[in-house]
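# Summary of the model geometry
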Amino acid sequence: MRPGGQPDMQQIMKQAQQMQQQLAAAQEELSRAEVTGSAGGELVTVTMTGSGEVSAVTIAPAAVDPDDVETLQDLVVAAFRDAQRAVGELTASTMGPLTGGLGGGLGLPGL
C-alpha cells in the first residue's frame, strides 16, 4: 500500500486479474453443468447447459395428440422457459459470490 493506506496500481491489477480468473473458472463450470426444465408433469423436458445450450428435448408419447398440436407446442415452450429459469438460478448462484451481487455479471455480455 501507498502512504495513506491506499492500494497501489500493482495491487489493483493483481486483484483484477484474480477476479478475471475466478470469473473464467465460473463460466467454465456453468458450461459443463446441466439443468432440466419441464412442463405438463414432465410430458416435455428440456435439458440445457448452464451457458444456455440445449442438449436434449424429450417428449413423452402421451403428449403427442395429432388433433391438438397447439398444446404440445405450448408444453415445449413452457419446458424451454423452465430450463432457462433454472439456468438463470444456476448462473446467479455460481456468479453471484464473484460479482458481489452487482447484477450477476457486472452488466457484461455473457456473464
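Criteria and thresholds
- Residues numbered from 1 in each chain as written.
- Predicted model: local features only at pLDDT ≥ 70, side-chain atom pairs only at ≥ 80, totals over all residues.
- Heavy atoms only, no water.
- Core = buried A, V, L, I, M, F, W, Y, C linked by side-chain atoms within 4.5 Å.
- Buried < 20%, exposed > 50% of the residue type's maximum accessible area, 1.4 Å probe, protein only.
- Helix = DSSP H or I, 4+ residues; strand = E, 2+ residues; numbered from the N terminus.
- Contact = heavy atoms within 4.5 Å.
- Pairing = 2+ DSSP bridges.
- Axes fitted to C-alpha atoms, helices over the stretch in contact; angles between N-to-C directions.
- Salt bridge = Lys/Arg side-chain N within 4 Å of Asp/Glu carboxyl O.
- Patch = residues over 30% accessible without salt bridge, like charges linked within 9 Å, V, L, I, M, F, W, Y side chains within 5 Å.
- Areas by Shrake-Rupley, 256 points an atom, 1.4 Å probe, with all protein chains shown as cover.

Another aspect to go through is the nonpolar core. Of all hydrophobic cores here, the largest spans twelve residues; its members are Val 35, Ala 39, Val 44, Val 46, Met 48, Ala 63, Leu 72, Leu 75, Ala 79, Ala 83, Ala 86 and Val 87. Of all the secondary-structure elements, those providing two or more residues to this core are strand S1 (34-39), strand S2 (44-49) and helix H2 (69-99). At six residues, the largest contribution of residues to this core is made by H2. Beyond its immediate chain neighbours, meaning those up to four positions away, Val 44 contacts Gly 37, Ser 38, Ala 39, Thr 58, Ile 59, Leu 72, Leu 75, Val 76 and Ala 79.

Within the open sheet, the three strands sit side by side as S1-S2-S3. Their pairing is antiparallel. Each of the sheet's edge strands pairs with one partner strand only, and the pair in question is S1 and strand S3 (54-59). The average undirected angle you get between the axes of adjacent strands in this sheet is 15°. Alignment of S1 against S2, held across six bridges, turns out to be antiparallel. Residue pairing for S2: Val 35 is matched across the bridge by Met 48.

What follows deals with the pattern of salt bridges. Under the definition given, this model contains three salt bridges. As a salt-bridge pair, Arg 32 and Glu 28 come within 3.1 Å of each other at their nearest N and O atoms. On the criterion of helical spacing, the pair formed by Arg 32 and Glu 28 is a turn pair, its members being four residues apart in helix H1 (residues 9-32). By relative accessible area, Glu 28 is classed as partly exposed at 41%. Between Arg 85 and Glu 89 there is a salt bridge, and its shortest N-O distance comes to 2.9 Å. Linking Arg 85 with Glu 89, this pair stays in helix H2, spanning four residues, or about one helical turn. Exposure remark for Arg 85: the relative accessible area of 41% places this residue in the partly exposed category. Note on Glu 89: relative accessible area 47%, which makes it partly exposed. One continuous salt-bridge network, built from bridges that share partners, spans Asp 82, Arg 85 and Glu 89.

Time to look at a nonpolar patch on the surface. A contiguous nonpolar surface patch, about 300 Å² in accessible area, is contributed by Val 54, Val 57, Ile 59 and Val 64. In this structure, Val 57 sits in strand S3.

Let's shift gears to unusual backbone geometry. The phi dihedral of Glu 42 falls on the positive side, at around 70°, and the residue is not glycine. With respect to the helices, strands and loops of the structure, Glu 42 is situated in the loop between S1 and S2. With a relative accessible area of 57%, Glu 42 lands in the exposed category.

Here S2 pairs with S3 via five bridges, running antiparallel. Each bridged residue has a counterpart across the sheet, and for Val 44 the counterpart in S3 is Ile 59. In sequence, S2 turns back onto S3 through a hairpin of four residues, with Gly 52 there showing a positive phi of about 95°.

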